[in-house]
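Coordinate analysis (summary)
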Amino acid sequence: MIYALVDKETLNSKDVSLARFLQHINNFKNIPILQYRNKSGSLKEKKTDLLTICEYYKGIVIINDSIELIEYADGLHIGQEDIRKYSKNLKEAVSLVRQKIGKKLLGLSTHDQKEILEANELNIDYIGLGAFRSTSTKSEANVGGEALLKAARHSKHPVGIIGGVKVNDTFEKPIIYKVIGSGLYNF
C-alpha cells in the first residue's frame, strides 16, 4: 500500500498546487493514508491545507509534527528529535503525546534497529523507517538500504519504509506501507 507523503516545500518547488496534487493522486489505487508535512508554514497555512486535503482526499490524514492541528487530522507522525522535546524518556514522551491526541494514530520515525527496538516498547501505531535509498528531497538522510529491510523484521508495529521508495517496489511484512513523496509527482 502507498502512504503518500505530501510535502509543502516540494509542492512549492515544483510549482504544483495542493489541490492539483490531490486530484492527481486520486488516480492511484491503494493510497489509504496520506501525511501532510510543512516544516516552515504557519499554523494558519497548515490548517487551511489540512482542510483542502480533507476536501479532496478521503483516506486517513496524518499531520507531521504539528500536534496543535490534531483536530483536523486522523493522526500524528513525529520524528525522533521532536518526540524528545516532550521528554527525554520516550515512554513518557509518547504518553504526553497520547494525552493530546487520544486514540488517533501515532507514528514515529526510526532509522535503525536500535530505534526500532525502542519503538517496540512504545504505545504507537506504526513506525516510519528510512531512508531506504537516497533522495533529492532529503539529502542529509542516512541511507540504510538492505540493512533497513533486515532491521524492519524486528518491529512489532507496522512499518512504512521511506526514502527513494518507488511505486513498483515490493516489500515483506512488517513493511506494509511504501512511503512515497516525490515519486508521486510524475504527471
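Up top is the structure.
Not measured: the values here are computed from a predicted model.

This next bit is on the pairing of strand S5 (residues 105–110). Of all 6 residues in S5, 5 are buried; the element is thus mostly enclosed. Pairing of strand S4 (residues 75–78) with S5 involves 4 bridges; the strand directions are parallel. Bridge pairing in S5 links His-77 to Gly-107. Direction of pairing for S5 relative to strand S6 (residues 126–130): parallel, over a ladder of 4 bridges. Note that in S6 the partner of Leu-108 across the bridge is Ile-127. Where the polypeptide runs from S5 across helix H6 (residues 113–119) and back to S6, its parallel neighbour, the crossover connection is right-handed.

Here the bond from Gly-130 into Ala-131 is cis, since omega is 20 degrees, no more than 30 degrees from zero. With respect to the helices, strands and loops of the structure, Ala-131 is situated in the loop between S6 and helix H7 (146–152). Here the bond from Lys-173 into Pro-174 is cis, since omega is 15 degrees, no more than 30 degrees from zero. Of note, the phi angle at Asp-15 is positive, near 55 degrees, even though the residue is not glycine. Residue position: Asp-15 is located in the loop between helix H1 (8–13) and helix H2 (18–25). Despite not being glycine, Asn-30 has its phi angle at roughly 70 degrees, a positive value. Topologically, Asn-30 is positioned in the loop between H2 and strand S2 (33–37). By relative accessible area, which is 47% here, Asn-30 ends up partly exposed.

Moving on, we come to the sheet that holds strand S1 (residues 2–7). The strand order around the closed barrel formed by 8 strands is S1-S2-S3-S4-S5-S6-S7-S8, and the pairing between neighbours is parallel. Across the sheet, the mean angle separating the axes of adjacent strands is 25 degrees when strand polarity is ignored. Pairing of S1 with strand S8 (residues 175–180) involves 3 bridges; the strand directions are parallel. Residue Ala-4 lies in a different strand from S8, and its bridge partner there is Ile-180. The sheet strands contacting helix H3 (residues 43–56) are S2 and strand S3 (60–64), and the helix crosses S2 at an angle near 160 degrees.

So, how was this worked out
- Residues numbered from 1 in each chain as written.
- Predicted model: local features only at pLDDT ≥ 70, side-chain atom pairs only at ≥ 80, totals over all residues.
- Heavy atoms only, no water.
- Buried < 20%, exposed > 50% of the residue type's maximum accessible area, 1.4 Å probe, protein only.
- Helix = DSSP H or I, 4+ residues; strand = E, 2+ residues; numbered from the N terminus.
- Pairing = 2+ DSSP bridges.
- Right-handed = clockwise from strand over helix to strand, strands pointing away.
- Axes fitted to C-alpha atoms, helices over the stretch in contact; angles between N-to-C directions.
- Contact = heavy atoms within 4.5 Å.

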